[in-house]
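Residues per chain, in single letters:
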Protein chains: 2
Amino acid sequence: MNKAGKIFVVGLGPGDRAHMTLEAKAVIEKSDVIVGYKTYIDLIKDMIEDKEVFSSGMKKEIERCTETLEIAKQGKVVSLVSSGDSGVYGMAGIMLEVVSKAESDIKVEIIPGVTASNAAAASLGAPIMHDYATISLSDLLTDWSLIEKRLHYAGQGDFVVCLYNPKSKGRQKQIEIAREILLKYKKQDTIVGIVKNAKRDGETVVITTLKDMLKHEIDMFTTVIVGNSNTYLVNGKIITPRGYKL
Amino acid sequence: MNKAGKIFVVGLGPGDRAHMTLEAKAVIEKSDVIVGYKTYIDLIKDMIEDKEVFSSGMKKEIERCTETLEIAKQGKVVSLVSSGDSGVYGMAGIMLEVVSKAESDIKVEIIPGVTASNAAAASLGAPIMHDYATISLSDLLTDWSLIEKRLHYAGQGDFVVCLYNPKSKGRQKQIEIAREILLKYKKQDTIVGIVKNAKRDGETVVITTLKDMLKHEIDMFTTVIVGNSNTYLVNGKIITPRGYKL
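In this text the structure is predicted, and so the values were computed from the model without any measurement.

(A) Structural view of helix α1 (residues 22-30) of chain A. All names here are of chain A. Here α1 has its buried residues at E23, A24, V27 and I28. Take α1 and look down its axis: the buried residues cluster within an arc of 135 degrees, on one side only. The elements touched by buried residues of α1 are β1 (6-11), β2 (33-37), β4 (77-82) and β5 (107-111).

So, in structure tokens, the structure goes:
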């Protein structure tokens, strides 16, 4: 009888090895095969020198999952890796969907990681200490009208708002529209944190306001966190108070 | 001249050592002193045998921060630890506030961790693959009316909703009201995941619906994740699809 194959979907955290979990490291080390988008494979190159590696380009998510399943069916332990937490706009869902559609009984285990909002928040201070909404501005897979609707409600609810995928070469206007929508409910001087490459090489941190946020560089490596009505700035750190009386 | 003191605010992750980050471990190991709520100190007891430890009971958050600052002022490196991510309903904000109020120039660094929503999500499958709102049902520090308002908007926006602090001995009604509010916008058969002790000893995972969720045990060690209108259940796993066409 063949050894049973298994799939781990592993969130590597923000990219710097330091913020990977011990379990993510252990699972990668015990895997026979590693599958992932090339950029993520490069982050762990030194950990996987003795392993079979399948790396592929962007927007090949379904192919990567299909490949992962085929390898697991051969009785191998496979880690499908992605950055951040694989369960937040990552590979966890599509991997489970591919296994389900194939009616396979291969076991899939999701290994959680530090997602971009938590990494960016740590570099900014404490902006998500209170209720927050996480919204991706990518309309590649989601109707833009739904994204706009969620921005409206997140604004009305005075949530702190974490924006993933705020801008890319092909998507320039989305962050402008998002800002306009949030400005219907949030003041011009609402504190905004912009973190590029959060908790990895080349990190840049900008603290600004809804009024001025578009004067700063925002790209696909950036997470934008917009405060709630109580968020304030002190000693260069953003704080969204939880309500303690000092 | 004294050695400069420093404060790390460290998120230990869900509680099981495996899901702590390498950086959290490294920072604790290099600290002179560890401060924290007793339950969290117990989680890392074996790592801190050679260190000074100050543990205290619940609801002593401000005292813990004040103590942490006093120790750092003596030139020591102090880790203030809490579970999950210290930046999400944790100790990061209040620590920064205490340092700011004391007009101290002691440096504070926040070390991010895996927060409860990400840990619970991994055990449920992939429920937070799309936009989500994180709401704490604890009204100890927040007006209940604001919590209700946010529940309404999260429901209207068809967000996946992650509920922290859903219930405790002294707060029994909040989860009932939250469910009623979400039912104004979400269907009775909306998938709900209930995870107690996510990714640590004694984990229990229940998958149910908004209709039936109150038939299951929910307490202060539980995270509740309520799906969006597309969330579905397959092979015992919750999937909120991101929109890939299989």
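From this point, the narrative continues.
(B) Spotlight on the packing of helix α6 (residues 144-156) of chain B against helix α7 (residues 174-183) of chain B. Residues and elements named next belong to chain B. For the pair α6 and α7, the least separation of the axes is 9 Å and the interaxial angle reads 35 degrees. By crossing handedness, the relation of α6 to α7 is classed as right-handed. Taking contact as the criterion, the partners of W144, E148, L151, H152 and G155 in α6 are, on α7, Q174, I177, A178, I181 and L182. Across the contact of α6 with α7, the residue classes tally to six nonpolar, three polar and one charged.

(C) Expanded view of the relation of the copies chain A and chain B. Note on the copies: chain A fits chain B at an RMSD of 0.0 Å, the axial shift is 0.0 Å, and the rotation between them is 180 degrees. Given the turn and translation reported, the copies of this chain are related as if by a two-fold rotation axis. Taken together, the interface assignments show that 100% of the residues at the interface of chain A recur at the interface of chain B, consistent with an identical surface on both copies.

(D) Inspection of the interface of chain A and chain B at higher detail. Contacts between chain A and chain B engage 70 residues on the former and 70 residues on the latter. Taken together, both faces of the contact between chain A and chain B bury some 6,500 Å²; the carbon and sulfur share is 61%. Of all residues in chain A, R150, Y244 and L246 of chain A bury the most surface against chain B, accounting for 12% of the area lost on that side. Note that D158 of chain B is salt-bridged to R150 of chain A, the shortest N-O span being 3.8 Å.

(E) Region of interest: unusual backbone geometry. Residue and element names in this part refer to chain A. Positive phi values are uncommon outside glycine, yet N197 reaches one of about 55 degrees. Here N197 is to be found in the loop between β9 (191-196) and β10 (204-209). Backbone geometry places N235, a non-glycine residue, at a positive phi of 50 degrees. As for its placement among the helices and strands, N235 is situated in the loop between β12 (232-234) and β13 (237-239). For N235, a relative accessible area of 61% puts it in the exposed group.

(F) Expanded view of the UniProt feature "domain: Tetrapyrrole methylase" (unreviewed entry) in chain A. Under the feature "domain: Tetrapyrrole methylase" (unreviewed entry), the UniProt entry names residues 6-213 of chain A. Annotation note: span residues 6-213 of chain A, helix share 34%, strand share 25%, distance between end C-alpha atoms 45 Å.

(G) Examining helix α6 (residues 144-156) of chain A more closely. When the terminal C-alpha atoms of α6 of chain A are compared, their 18 Å separation across 13 residues agrees well with the 18 Å that a helix rising 1.5 Å per residue should span. Taken residue by residue, α6 of chain A has W144, I147, R150, L151, Y153, A154 and G155 of chain A as its buried positions. The secondary structure elements touched by the buried residues of α6 of chain A are β7 (132-136), β8 (160-164) and α7 (174-183) of chain A together with α6 of chain B. Just beyond α6 of chain A, the residue with positive phi is D158 of chain A, at close to 55 degrees.

(H) Here's a closer look at the domain arrangement of chain A. All names here are of chain A. Each assigned domain of chain A is listed with its residue range as follows: domain 1 (6-111) and domain 2 (116-239). Contacts between the two partners involve eight residues from domain 1 and, on the opposite side, 10 residues from domain 2. Interface area, domain 1 with domain 2, both sides summed: about 670 Å², of which 67% is carbon and sulfur. At the junction of domain 1 with domain 2, the criterion picks out zero salt bridges. Inspection of the domain 1/domain 2 interface yields three residue pairs in polar contact (both at pLDDT 80 or more). Among the residues making up the side of domain 1 that touches domain 2, the classes are represented as four nonpolar, two polar and two charged.

(I) Fine view of the environment of I41 of chain A. All names here are of chain A. With respect to the helices and strands, the residue I41 is situated in helix α2 (residues 38-43). Relative accessible area serves as the criterion here: at 6%, I41 is assigned to the buried category. Spatially, the C-alpha atoms of I41 and I106 are 23 Å apart, while their sequence positions differ by 65 residues. Ignoring any residue separated from it by four or fewer positions in sequence, one finds I41 in contact with I34, V35, G36, I48, V53, F54, S55 and V81.

(J) Layout of the nonpolar core. Core analysis: the largest hydrophobic core is formed by 42 residues, its most contacted members being I135 and L137 of chain A together with I135 and L137 of chain B. If sequence neighbours within four positions are ignored, L137 of chain B has contacts with W144, I147, L151, L163, Y164, N165, P166, R171, Q174, I175 and A178 of chain B. Y164 of chain A together with A119, Y132 and I191 of chain B belong to the second largest nonpolar core, which has 34 residues in total.

About the criteria used
Residues numbered from 1 in each chain as written. Chains lettered and ligands numbered in written order. Predicted model: local features only at pLDDT ≥ 70, side-chain atom pairs only at ≥ 80, totals over all residues. Heavy atoms only, no water. Buried < 20%, exposed > 50% of the residue type's maximum accessible area, 1.4 Å probe, protein only. Helix = DSSP H or I, 4+ residues; strand = E, 2+ residues; numbered from the N terminus. Arc of directions from axis to C-beta. Contact = heavy atoms within 4.5 Å. Axes fitted to C-alpha atoms, helices over the stretch in contact; angles between N-to-C directions. Left-handed = near helix turned anticlockwise from the far one by under 90°. Nonpolar A, V, L, I, M, F, W, Y, C, P; charged D, E, K, R; others polar. Least-squares fit on C-alpha atoms with pLDDT ≥ 70 in both. Buried area = accessible area lost by both parts, 1.4 Å probe. Salt bridge = Lys/Arg side-chain N within 4 Å of Asp/Glu carboxyl O. UniProt positions renumbered as here; feature names shortened; annotations may be inferred. Expected span 1.5 Å × (residues − 1). Domains from an automatic or database assignment. Polar contact = N/O pair within 3.5 Å; in protein donor to acceptor, adjacent residues only side chain to side chain. Core = buried A, V, L, I, M, F, W, Y, C linked by side-chain atoms within 4.5 Å.

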